[in-house]
Structure formats: structure tokens, C-alpha cells
Amino acid sequence: MQRPPPEDFLLKETNPHLGGGKISGDKLTSTYDLVEQMQYLYVRVQKAKDLPAKDVTGSCDPYVEVKLGNYKGTTRHFEKKSNPEWNQVFAFSKDRIQASMLEVTVKDKDVVKDDFIGRVLFDLNEVPKRVPPDSPLAPQWYRLEDRKGDKAKGELMLAVWMGTQADEAFPEAWHSDAATVSGADALSNIRSKVYLSPKLWYLRVNVIEAQDLQPTDKGRYPEVFVKAILGNQATRTRISQSRSINPMWNEDLMFVAAEPFEEPLILSVEDRVAPNKEEVLGRCAIPLQIMDRRLDHKPVNTRWFNLEKHVVVMEGEKKKEIKFASRIHMRVCLEGGYHVLDESTHYSSDLRPTAKQLWKSSIGVLELGILNAQGLMPMKTKDGRGTTDAYCVAKYGQKWVRTRTIIDSFTPRWNEQYTWEVFDPCTVITIGVFDNCHLHGGDKAGGGKDSRIGKVRIRLSTLETDRVYTHSYPLLVLHPNGVKKMGEIHLAVRFTCSSLLNMMHMYSQPLLPKMHYIHPLTVSQLDNLRHQATQIVSMRLSRAEPPLRKEIVEYMLDVGSHMWSMRRSKANFFRIMGVLSGLIAVGKWFDQICNWKNPITTVLIHILFIILVMYPELILPTIFLYLFLIGVWYYRWRPRHPPHMDTRLSHADSAHPDELDEEFDTFPTTRPSDIVRMRYDRLRSIAGRIQTVVGDLATQGERLQSLLSWRDPRATALFVIFCLVAAIVLYVTPFQVVALLTGIYVLRHPRFRHKLPSVPLNFFRRLPARTDCML
């Protein structure tokens, strides 16, 4: 009996103060209605004029320092400029304000000590409030004052206001909670950003034939194959069976290509002249921009491409370059009718085909409010103490979002809201929490990776429409020493449906685009192409500024989910047993009926059975009515919360340490040989049991086949005679009588039963199978 998961690992409903409390029923009415309002003091430093010169050159090196209590932010400085323009915004969280005056000071950059030019003071009680959609506050000129309050030379253009995180200046502003971060690269790494996955296409190369190849050795039959390379992807055809200078293949090669197309498809026809030696007979490079784009299964036109091969021969003392022009016949196209899978189909966030012409209209909108996190674990050490610089990444469809990084906090508050269009309700949004390891020169210190804090998945079809879900999700991560709770993340989610009819219609449609069913790809092709797609997506997003790094993308897309894991195997086995437990329970119940364990129930079943046999038209209505009543009965116990990571279902809480160590081992393995030998022997024992079960299933199937195959002539003769007699009896006997006699025989009293197997079962077990023929 598995123990229930700890209380800490469960989902908890929360009651945050969303949208400033502007609630109308279950729907909220303000712009940022799925997050808690956060008040900020904004200071926009626009420009300055007529600043005094510090020397005979008649210029100065000005910059502005914005100071509020213990927090201090500075603009960049300009060299020898009396009328600089900064256009920079500073944001101070109202929760951390510990002063009543805001001081904006203009200083002159100096090697020894910066010179004071002038300042402007603001009383925080007089600062105006601004709430979007109000227009931005216009900056105005302020005369600089010296330290005594007298007028100084120069003016500064400023705008100061109180606002919220809904302000358009918020994303790019300098934040007081990031005051310890310095450097332009580090500052860009902590800001919230939106990223888009590249548009992915399947590239199909149907290699038909080649003509007029020129092998070096004319005295042998060439063993020719075609190698195709696209970026980091490489594949090849089989060796042509027609061993001649005009070989044929008619074989498909598949690749993943991303817009914009940066690299050509490179094809080379090669001859295997020795076991580990190939000779290139011709090569060509084809730009992807010129390729046909196919939206359905109709074949595209074939094309001939010239193969180039340069050979240098010696004529006396001169070199002469001879160019052969062989040709290759192919059908090449970009497939727009498929969805390029970069996620697992079990929790995909997008199922649309590549070609935009095939997209259906959206059925609704998904809104996500990333509120805060509680109880995060220290992820690294700084100044002798543990610290965490947390940020969130959410992925749905082609749109990735990244919140700002909250510096040095185990209870970060983001309160950021994002929106996605929804095209299919049977999709999943993934939210991951990470520790930013690229601040304070993290890249230079060895290029550390951002650490995983945890991940949450929410399936949209499990949400009621137009309802705001506010829950605290446990952040669970599996470590080599077991499952560990890294904290909790508080989310607010709302799925709004624009057309209930369109959404209901989606349930009748295939999950993937029709090309996946008309012209399906093999499982091995899909696995390989998915790996290539995730590599392309991670490479493209890591080239953004700031980069969404490879380790983040791979964790969000579950790149390693296909690797062998004893824990996952056990979890899947118990999932199957859980599904079959209902059938097993029905079988046990029926066995009790047949054995008259409860005579009253058995008599009622007899009466129901006789009624259904006498009036067979009631069988199907009775079944569906029974299912309807079960569904209505279970409505009162319907799930009220979104699903979340279940440690008990995953067997993460009961996994053996060696199994976890095996799961976290690299591929290929890095463990000592004795441990690998032990794990291999364990795998052999488990595989042996699986092999036995599969063999038993195959045996039963082969026995069914042998009923009419005359492999056992006597058994087949008996079965054929039985079929003839059964056909005659069933022809002359009414169906109700046959069904009634059969049912009463099955439900007979234990007094008329014996414990030996029945005659049909004995006959079936005596039939031959092909196990005798196996080595």
C-alpha cells in the first residue's frame, strides 16, 4: 500500500487581492486583473541643458543620480556635453520606501571625486498618481538648486509619478530591488521579455535516381548512396540495389528547417569503395528559399539538379581542372501540412500545422498571472550565505515569456500578467522557475547554467471557462537523493472561451493536422525530428538578447523524458494496473454473482438478464442509461482544482537511491563497471519478465490462429465439426433461447460447478503455438 503524499506536496487554494480588489462576480475588471497591484515611484530623467563647465574647455561630463533613502540609481555619463539626453526611467518599490524626500542630483564625472552640479528635491506626498490607460505624464523643466537651496546654473527635465506594474515604463526601468546589479549585460538579464519560437518546417527530400555518375574505378560495380546535410542534421539513403552509374533509390529523407532559412541543403552522391572509405561522385547545394511548399499530400513536381565534381589531372607540368556534370533526380518540398513536434504529444501546447493558411480561428484566450513564490531554497552562495535570484519562464504555443529576476529573495513577488490565444483546449501551458546565475559577471566566471527550481503544467481542458483559478503549486524537483520541494509558486489562471460551439466542435477533430494521418511519419522519424526541433529552438532562443538559454529551453520542453528510468517504468506499470483495476473489480464482482456469494443480488441479476434476453432492444439503452447515471453520480465529486505534479503517481517519493542515481547518470554512462554490471543484470531480470509476458500474449494469439490452420490436424478437425454443428443448431434455435441457456449456465449455482477447467479452455490450451520452433 503506497503512503499518501505529504501535505507539503499538495495543491493549495489561495485568496490573493487581485486587480486592486476590483471584482465583478467571478470576473475582474482592471487591466492587470490577475495579479496583485504593486505601487512604484517612477522617475523619468529626460535631459538637461545649460549645465556649467568644469574647465576652460567649456564642457562637463554629466550624469544623474536618483536617490531615495538607501536606494541610489545612476544614469550613464556623457563626455564633454552640456546638453545631454538620457531618457532613462527609475522605479522604486513603494513597499521599500523609507524616506519622505526624493533627491535627483546632477554630477560631473571625475577621476578623483565627482563634482556636484545641482539637484532637485521632491516631497513624496506631492507626487501625482497615474494609472493606465491614462497617457504618460509629460516631463517638465526644473531649475537646479545647490546644497543650500539657492538656484544653480542649469535645468533638468524630469517626470515623477506614482504608478503600478501596468505602467508601460515598467519593463525597461531600472528597479530599486536590482540596485546591486551592475553592467549593461547583467541589467538586460534581469528584465522581463517575450520570445517567439522560430517557425519550423519539415523538409522532405525524396531521392529518386542519379544519372551519368563517374566512379574512379571503372572495373567494379559502384555501391552508391546519397548523403544529405542541413545545418547540424545529417542523414543518408541506403546503398542503391541497382549497382550501376545510373542508380535508383526512391527514398525519403526528412529534416527540420527553421525560418529564416540560413543554411542550404547539401547533397553528395558517394560510392563506398571500402568498408570505411567513401568517394564523393558529386555534390550540390540547394537553397531552401527556392523549394516548393506543400500544404497537402499531393506530390510536387520532380526536378533534376546538377552534381558538381572537380578533378585535377596533370598534363605535363600543367594542372588542368576537369568538371563532370552528373545529375540527380529528386522531389524536394517544405511540408506545411504537418505540425513540427518540439514537445511531447502528451503535453503539447500547440497542435497547429506550420502553414498559416491551414490555421483555424482561435477559440479563446488564456490569461496567466504570475504572482509570487514562497519558501524558495537557497540555490547558490554569495558573501558566505545562501541566496536565490529567481525568475519564471512560461511557454504556450510559439510564445515564451520571461519575468524579471527578483534579486536575493526567497519570497519573490513578480505580479506580471501574460495572455495567449488558444486554438485547442486539449493543450498544456508550462511554467518553470529558475535561479539566475548570469549576474555579477556570471558568464565570465565559467558560464554557469541557470538552476532549476521547479516546473508546473496546467492542461487547459481541465479548467472551467471564465473562472479565475488562484492556487499555490508546489515546486518539486527530483534529485539524486530523492524528491525535494523547492518552494511554492502562486499563480492565477483564467481560460476565456470566445465560442462554446467552436470549442465543442474541436473535440470531434483529430488532435494533429490531417497530414499526420494521411501520410504518417514513423515513430523513429518523429523521435529523431523532435530532437532536431528542440535543438533548433534552443539554439535560436539562445541567440536572442537577452538569451533564453539552452538549459531553460530543454527543461521546459522535457528533452530527456525518453531516457530509461526504473522509476518511470514502475510508475507506468502501476498506471496500467490502475486502469485495469476497474475491469478486475468488475470481474471479481461477476465471479461473486456466479458463485452466489449474495443470493439476492444474483437473483436480481437473473431477472435483469432474462428481461434483456426477452427484449433485446433494451440492451443498448440500458447500458447507456447506466453510464449516464454513473456520470451524474460522480458529478458531485468532480475535481475542483487544476491537476499538478503528483509525487505518488510518479513514484518519486518511494524510489530507491540506486534507481535515482541511474536516472541521473549521463548517456553514455560514467559509473564504475561493477555498478553498471549490477544495473545491467537487474535490467536483464526485468526484461526477462517482460519478455515472458509478451511471449505468453503471442502464444495465445498463435493458438487462435492454429484453430483453422491444420497445424494440429485432429484439433482443427474437431473445431471445424463443432462449427458446422453450431451453425445448424443456431440456425434452427431462436437466438433468445441460446442466449438464455448460455446465461443461465454461466450463472449456475456452485452446486452444479466443479473446480476443474472447462472443456473449451482445455481444448484451447492444447492447441499448438510457435514456441516449439524458437531457439
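Small disclaimer: the values here were computed from a predicted structure and weren't measured.

## Looking at the overall build of the protein
Point 1. Along the protein, the regular secondary structure elements total 13 helices and 32 strands.
Point 2. The globule rule puts the C-alpha radius of gyration for 775 residues at 28 Å, and the 36 Å found for the protein is more than 25% above it.
Point 3. In the protein, the share of contacts with a sequence separation of at least 24, taken over all contacts with a separation of at least 6, comes to 69%.
Point 4. For the protein, the exposed surface amounts to about 44,000 Å²; the carbon and sulfur share of it is 57%.

## A closer look at helix 6 (residues 566-594)
Point 1. The end-to-end C-alpha distance of helix 6, which contains 29 residues, comes to 40 Å, matching closely the 42 Å that a straight helix rising 1.5 Å per residue would cover.
Point 2. Largest kink in helix 6: about 40°, centred on Leu-580.
Point 3. Met-566, Arg-567, Ala-571, Ile-593 and Cys-594 are the residues of helix 6 that are buried.
Point 4. Just downstream of helix 6 lies Trp-596, where phi reads positive at about 55°.

## A closer look at the sheet that holds strand 26 (residues 390-396)
Point 1. Taken in spatial order, the 5 strands of this open sheet run 13-27-26-29-30, and their pairing is antiparallel. For this open sheet the edge positions go to strand 13 (193-196) and strand 30 (451-459), each flanked by a neighbour on one side alone. Strand-to-strand twist in this sheet, taken as the mean axis angle between neighbours without regard to direction, amounts to 20°.
Point 2. Here strand 26 runs beside strand 27 (residues 399-402); their pairing, made up of 4 bridges, is antiparallel. Paired with Tyr-396 across the two strands is Lys-399, which belongs to strand 27.

## A look at helix 7 (residues 599-614)
Point 1. Here helix 7 is 16 residues long and its end C-alpha atoms lie 23 Å apart, about the 22 Å a rise of 1.5 Å per residue gives.
Point 2. By the burial criterion, the buried members of helix 7 are Thr-602, His-606, Leu-612 and Val-613. Looking down the long axis of helix 7, one finds its buried residues gathered within 135° of arc, a one-sided arrangement. Seen from the buried face of helix 7, the exposed residues on the opposite side, beyond 90 degrees, are Ile-600 and Leu-604.
Point 3. Taken together, the buried residues of helix 7 touch helix 6, helix 8 (619-634) and helix 12 (735-746).

## Section: the confidence of the model for the protein
Point 1. When pLDDT is averaged along the protein, the result is 83; 91% of the residues meet or exceed 70.
Point 2. Here residues 23-30 is modelled with pLDDT under 50, and outside its nearest four sequence neighbours on either side it reaches 16 contacts, counting other chains as well.

## Quick word on the environment of Ala-687
Point 1. Tracing the chain through its elements places Ala-687 in helix 10 (residues 673-706).
Point 2. With relative accessibility at 38%, the residue Ala-687 sits in the partly exposed group.
Point 3. Counting along the chain gives 230 residues from Ala-687 to Arg-457, while the straight-line C-alpha distance between them is 32 Å.

## Things to note about empty space enclosed by the protein
Point 1. Following the criterion strictly, the structure yields 3 cavities of 30 Å³ or more and no others.
Point 2. Taken as a whole, the largest cavity spans an internal volume of roughly 100 Å³.
Point 3. By residue class, the composition of the lining of the largest cavity is 7 nonpolar, 3 polar and 3 charged.
Point 4. Surrounding the second largest cavity, Ile-286, Ile-290, Met-291, Asp-292, Asn-301, Arg-303, Phe-305 and Val-332 form its lining.
Point 5. Here the residues of the lining of the second largest cavity are counted per class, giving 5 nonpolar, 1 polar and 2 charged.

## A word on the packing of aromatic side chains
Point 1. Taken as a whole, this structure holds 14 aromatic pairs when the rule is applied.
Point 2. Pairing Tyr-202 with Tyr-338 gives two aromatic rings, centres 5.7 Å apart and planes at 70°, and the pair type is edge-to-face. Here the residue Tyr-202 occupies a position in strand 14 (residues 200-211), and Tyr-338 occupies one in the loop between strand 22 (318-335) and strand 23 (364-374), the gap between them amounting to 136 residues. In this pair, the class of Tyr-202 matches that of Tyr-338, namely buried.
Point 3. Over the ring of Phe-225 we find Arg-236, and its NZ or CZ is 3.8 Å from the ring centre.
Point 4. Sitting over the ring of Trp-359, Arg-352 keeps its end group 4.1 Å from the ring centre.

## Focus on the UniProt feature "transmembrane region" (unreviewed entry) in the protein
Point 1. If you check UniProt for "transmembrane region" (unreviewed entry), the listed places come out as residues 573-590, 618-635 and 717-747 in our numbering.
Point 2. End-to-end, the C-alpha atoms of residues 573-590 are 25 Å apart, and along that stretch the chain is 100% helix and 0% strand.
Point 3. The annotated region residues 618-635 carries 89% helix and 0% strand content, and the separation between its end C-alpha atoms amounts to 26 Å.

## Describing the environment of Lys-129
Point 1. Along the chain, Lys-129 falls in the loop between strand 9 (115-123) and strand 10 (140-145).
Point 2. Between the C-alpha atoms of Lys-129 and Met-162, which are 33 residues apart in sequence, the distance is 4.5 Å.

## Here we look at the packing of helix 6 against helix 7
Point 1. Axis separation between helix 6 and helix 7 bottoms out at 8 Å; the angle between their running directions is 95°. Taken as axis vectors, helix 6 and helix 7 run roughly perpendicular relative to one another. Each of Trp-589, Gln-592 and Ile-593 in helix 6 lies in contact with helix 7, whose residues at this interface are Thr-601, Thr-602 and Ile-605.
Point 2. Among the residues making up the contact of helix 6 with helix 7, the classes are represented as 3 nonpolar, 3 polar and no charged.

## Focus: the side chain of Ser-348
Point 1. Relative to the helices and strands, Ser-348 is located in the loop between strand 22 and strand 23.
Point 2. For Ser-348, the side chain forms a polar contact with the side chain of Glu-343, separated by 3.4 Å.
Point 3. At a separation of 2.9 Å, a polar atom in the side chain of Ser-348 contacts the main-chain carbonyl oxygen of Asp-350.
Point 4. When residues no more than four places from it in sequence are discounted, the contact partners of Ser-348 are His-339, Glu-343, Cys-426, Thr-427 and Val-428.

## Examining unusual backbone geometry
Glycine aside, a negative phi is what most residues show, and trans is what most peptide bonds show.
Point 1. Going from Glu-259 to Pro-260, the amide bond is cis rather than trans, its omega being -5°.
Point 2. If you trace the backbone, Pro-260 turns up in the loop between strand 17 (248-258) and strand 18 (265-274).
Point 3. Following Glu-545, the chain continues to Pro-546 via a peptide bond in cis, the omega torsion being 0°.
Point 4. Along the polypeptide, Pro-546 turns up in the loop between helix 4 (523-541) and helix 5 (550-556).

## A look at the side chain of Arg-402
Point 1. Mapped onto the secondary structure, Arg-402 falls in strand 27.
Point 2. The side chain of Arg-402 is buried and forms no salt bridge, while Asp-450, the nearest opposite charge, is found at 5.0 Å.
Point 3. At a separation of 2.7 Å, a polar atom in the side chain of Arg-402 contacts the main-chain carbonyl oxygen of Asn-189.
Point 4. In terms of polar contacts, Arg-402 uses its side chain to reach the backbone carbonyl oxygen of Pro-547, at 3.2 Å.

## Notes on the pattern of salt bridges
Point 1. This model, assessed by the stated rule, comprises 30 salt bridges.
Point 2. Here Glu-172 makes a salt bridge to Lys-193, at a shortest N to O gap of 3.0 Å. In this pair, Glu-172 is assigned in the loop between strand 11 (151-164) and strand 12 (174-175) and Lys-193 in strand 13, connecting sequence segments 21 residues apart.

## Here we look at the sheet that holds strand 31 (residues 468-479)
Point 1. Taken in spatial order, the 5 strands make up an open sheet running 1-31-32-23-28, and their pairing is antiparallel. Since the sheet does not close on itself, it has two edges, and those belong to strand 1 (12-13) and strand 28 (413-422), each with one partner.
Point 2. For strand 23 and strand 32 (residues 482-497), the ladder comprises 10 bridges, and the chain directions are antiparallel. By the bridge assignment, Gly-369 is partnered in strand 32 with Ala-492.

## Quick word on the nonpolar core
Point 1. Counting residues in hydrophobic clusters, the biggest one holds 65 residues, and the most contacted among them are Trp-400, Ile-489 and Leu-491.
Point 2. Excluding anything up to four places from it in sequence, Ile-489 contacts Ile-370, Asn-372, Ala-373, Cys-392, Ile-431, Val-433, Val-456, His-471, Ser-472, Tyr-473 and Leu-475.
Point 3. Counting residues in each nonpolar core, the second largest holds 29 residues, with Leu-253, Ala-257, Leu-288 and Met-330 among its members.

How each quantity is defined
Residues numbered from 1 in each chain as written. Predicted model: local features only at pLDDT ≥ 70, side-chain atom pairs only at ≥ 80, totals over all residues. Heavy atoms only, no water. Helix = DSSP H or I, 4+ residues; strand = E, 2+ residues; numbered from the N terminus. Rg over C-alpha atoms; globule rule 2.2 N^0.38 Å. Contact = heavy atoms within 4.5 Å. Areas by Shrake-Rupley, 256 points an atom, 1.4 Å probe, with all protein chains shown as cover. Expected span 1.5 Å × (residues − 1). Bend = angle between axes of the 7 residues up to and from the residue. Buried < 20%, exposed > 50% of the residue type's maximum accessible area, 1.4 Å probe, protein only. Pairing = 2+ DSSP bridges. Axes fitted to C-alpha atoms, helices over the stretch in contact; angles between N-to-C directions. Arc of directions from axis to C-beta. pLDDT = per-residue confidence, 0-100. 1 Å grid on protein atoms, 1.4 Å probe; cavity = no way out; pocket = protein on both sides within 12 Å on 5 of 7 lines; lining within 4 Å. Points joined across faces, edges and corners; volume = space filled by probe spheres on them. Nonpolar A, V, L, I, M, F, W, Y, C, P; charged D, E, K, R; others polar. Phe/Tyr/Trp six-rings, centres within 6.5 Å; stacked < 30°, edge-to-face > 60°. Lys NZ or Arg CZ within 6 Å of the ring centre and 35° of its normal. UniProt positions renumbered as here; feature names shortened; annotations may be inferred. Parallel < 35°, antiparallel > 145°, perpendicular 65-115°, else oblique. Polar contact = N/O pair within 3.5 Å; in protein donor to acceptor, adjacent residues only side chain to side chain. Lys, Arg positive; Asp, Glu negative; His and termini not counted. Salt bridge = Lys/Arg side-chain N within 4 Å of Asp/Glu carboxyl O. Core = buried A, V, L, I, M, F, W, Y, C linked by side-chain atoms within 4.5 Å.

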